[in-house]
Amino acid sequence: MKLVHPLRITLAGIFSVALAAVLAAQSAGITLTRKEPETALMLFPSNGLAQENLAAAIFEADLVVSREAEGAAQTAKPSAFASYLSEPLTPEVHAILALTQGRREVRSEVISRASELDKRETMLQGLVLQEYVNDGNYTGVITTLDRILRVRPSRSTELFPVLSTVFVQDGATEQFAGVLNGTSPWHEEFLSYAVRQDAALANLARLRRLITFGNVEIDKALLRNLVREGKVETGYGLYDEIFVSTNESAQVGLLQWDSDFVPFDWRFADGADFRAQRNLDSDQLQLYVRAGQGGIFARRIIKAPEGPFTVSAQHEIKPQELADDVRLFLRCTDDPQPFFEARFGAARFQQLVNDIPSECSFIEVQLHARAWSGKSALRGLISPLRITQ
């Protein structure tokens, strides 16, 4: 499958604008040849390296004005050709001369041969990248971008949008799995960038099944963002396959108070006047609600049981008469309105849930508490909820 046309447009724009800055950085140096190529040529007309830097300077100046790489290359061609005659292995010259070739097959041949001589020269690698884009070569695009970013990690801001456009294509995940192996800092930086791009989330979930990201915060963000975008089934499948295996919540029917991988683990209220947190000395949840405060203190998403089920828990709510002000809500993830509500009441909470909406694949479990103004603060300990059928 060919890469989409907007990717070619994006690449052309990015590299046309960026080449000038790259060449400027590369032409900096301490020698006269690099700092003042015209002066160096006056002293030694056969200085091929000085001709290369002069060609790069001409190309850079024209590109800044025209932003048209082929036209800038034509302007710099005489100096580039003079450099080639004296120093035939100079990579920037090969890149400039390649841009002057009118026939695509000739240009491709020049770029291919020049790339065999130098795998690090940024401008030349940019042309190699464009060739791969034209051919719809995912592996070549990814490998070339990896090569560029290893040499010029500061260019990630420019290149990550390009890389992301490639990443979202069908069939690209396996190629990325072979490159994003953690051997370069940009690998993790790209994952952090991609997890914020809605279009990349589905392929990131596929990629996470193939490789380890090496950063739990990226894993957490991926799960959150999948659910936010309505991809609850994809997020839950990833959670159940990879993350729950090392999590106490793996116990069937027992919803331990784990909060590592929200929203499939618990998310707790954490305010000074209204908070819930796992007890450090037991498996219970500590609850505190100051008078006048209230709301949802714990919530998580579970896969909907197949048929009626019972929810149960032990608790110690103080003062005891406020136990009725602690409630359980159940809602389908695609419906903001709860389909079930029950008060905690006595020390043992146990409720049968008979009717689950037919289209309900995933349920958000919500625990709600309120301490009324003018009354005592509400405190409590609650055991993990158990779901049985």
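To start, this report covers the structure provided alongside it. Here the residue index of a chain counts from 1 through its sequence in written order. This being a predicted model, a pLDDT of at least 70 is required before a residue's local features are given, and a value of 80 or more before pairs of side-chain atoms are given or counted; all residues contribute to the totals for chains, interfaces and linings. Computation of side-chain values covers all heavy atoms of the structure but excludes hydrogens and water.

## Some points on the state of the cysteines
When two cysteine sulfur atoms are found within 2.5 Å, that pair is recorded as a disulfide. Going through the model one piece at a time under the given rule, you end up with one disulfide. Covalent S-S linkage joins Cys 332 and Cys 360, the inter-sulfur distance amounting to 2.3 Å. A torsion of -125 degrees about the S-S bond marks the disulfide between Cys 332 and Cys 360 as left-handed. Of this pair, Cys 332 sits in strand β7 (residues 326–332) while Cys 360 sits in the loop between β9 (348–353) and β10 (362–370), and the two are 28 residues apart along the sequence. Of the two residues, Cys 332 and Cys 360, neither departs from the other in class, the shared state being buried. Under the scheme used here, helices are H or I runs from DSSP no shorter than 4 residues and strands are E runs no shorter than 2 residues, and both carry numbers assigned from the N terminus. Accessible area is worked out with a 1.4 Å probe on protein chains only. A residue is then buried under 20% of its type maximum, exposed over 50%, and partly exposed in between.

## Considering the environment of Glu 229
One can find Glu 229 in the loop between α14 (216–228) and α15 (232–243). Owing to a relative accessible area of 33%, Glu 229 belongs among the partly exposed residues under this scheme. In this structure the C-alpha to C-alpha distance between Glu 229 and Leu 201, which are 28 residues apart in sequence, comes to 8.9 Å. Setting aside anything within four residues of it in sequence, one finds Glu 229 in contact with Asp 198 and Leu 201. In what follows, residue pairs with any heavy atoms lying within 4.5 Å of each other are defined as contacts.

## Let's talk about the packing of α14 against α15
Only the contacting stretch of a helix is used when fitting its axis, a line to C-alpha atoms as for every element, and angles between N-to-C directions run 0 to 180 degrees. Their axes nearest at 7 Å, the elements α14 and α15 cross at an angle of 150 degrees. One finds that α14 runs roughly antiparallel with respect to α15. As for the relative orientation of α14 and α15, their crossing is left-handed in sense. Facing α14, whose interface residues are Asp 219, Leu 222, Leu 223, Leu 226 and Val 227, α15 presents Val 232, Thr 234, Gly 235, Leu 238, Tyr 239 and Phe 243. Taken together, the residues of the contact of α14 with α15 break down into eight nonpolar, two polar and one charged. For this classification, under 35 degrees means roughly parallel, over 145 means roughly antiparallel, 65 to 115 means roughly perpendicular, and everything else is oblique. For any helix crossing, the convention is left-handed if the near helix is rotated counterclockwise from the far helix by under a right angle, and right-handed if that rotation is clockwise. All residues other than Ala, Val, Leu, Ile, Met, Phe, Trp, Tyr, Cys, Pro, Asp, Glu, Lys and Arg, Gly among them, are scored as polar; the first ten of these are nonpolar and the last four charged.

## With respect to the pattern of salt bridges
Oppositely charged side chains can pair when the atoms bearing their charge come close. When a carboxyl oxygen of Asp or Glu lies within 4 Å of a side-chain nitrogen of Lys or Arg, that pair is called a salt bridge. Under the criterion given, the structure shown has 12 salt bridges. Its salt-bridge partner being Arg 150, residue Asp 146 comes within 3.1 Å of it at the nearest N-O pair. Within this pair, Asp 146 and its partner Arg 150 are both found in helix α9 (residues 138–151), separated by four residues, close to a single helical turn. Judged by relative accessible area, Asp 146 falls into the buried class, the value being 11%. With a relative accessible area of 39%, Arg 150 lands in the partly exposed category. Among the ionic pairs, Asp 219 bridges to Arg 208, the shortest N-O distance being 2.8 Å. Here Asp 219, found in helix α14, pairs with Arg 208, found in helix α13 (residues 201–210); they are 11 residues apart in sequence, far enough to count as distant. You can call Asp 219 buried: its relative accessible area is 6%.

## Concerning the packing of aromatic side chains
Only Phe, Tyr and Trp rings are paired, with Trp represented by its six-membered ring, and only when their centres lie within 6.5 Å; those with planes under 30 degrees apart are stacked, over 60 edge-to-face, the remainder tilted. Taken as a whole, this structure holds 16 aromatic pairs when the rule is applied. Ring centres of Phe 176 and Phe 190 lie 5.9 Å apart, and the angle between their planes is 20 degrees; on these two criteria the pair is classed as stacked. Here the residue Phe 176 occupies a position in helix α11 (residues 173–179), and Phe 190 occupies one in helix α12 (residues 185–194), the gap between them amounting to 14 residues. Judged on exposure class, the residue Phe 176 and its partner Phe 190 are both buried.

## Some thoughts on the environment of Tyr 236
Within the element layout of this structure, Tyr 236 appears in helix α15. According to the relative accessible area criterion, Tyr 236 is buried, its value standing at 19%. Apart from residues no more than four positions distant in its own chain, Tyr 236 is found in contact with Phe 264, Lys 303 and Phe 362.

## Quick look at the pairing of β7
Within β7, seven of the seven residues are buried, leaving the element largely enclosed by the surrounding structure. Pairing analysis gives seven bridges linking β7 to β10, with the strands arranged antiparallel. Directly across from Leu 330, in β10, lies its bridge partner Val 365. Strand pairing is defined by DSSP finding a minimum of two bridges between the two strands. Across four bridges, the pairing between β7 and strand β8 (residues 340–343) is antiparallel. Within β8, the position partnered with Phe 329 by the bridge is Glu 341.

## A look at the sheet that holds strand β5 (residues 294–303)
Across the sheet, five strands lie side by side as β2-β5-β10-β7-β8; this open sheet has antiparallel pairing. At either margin of the open sheet sits one strand with a lone partner, and together these are β2 (267–268) and β8. Of the pairings in the sheet, the one linking β2 to β5 comprises two bridges and is antiparallel in character. In the sheet register, Phe 268 faces β5, and the bridge partner there is Ala 298.

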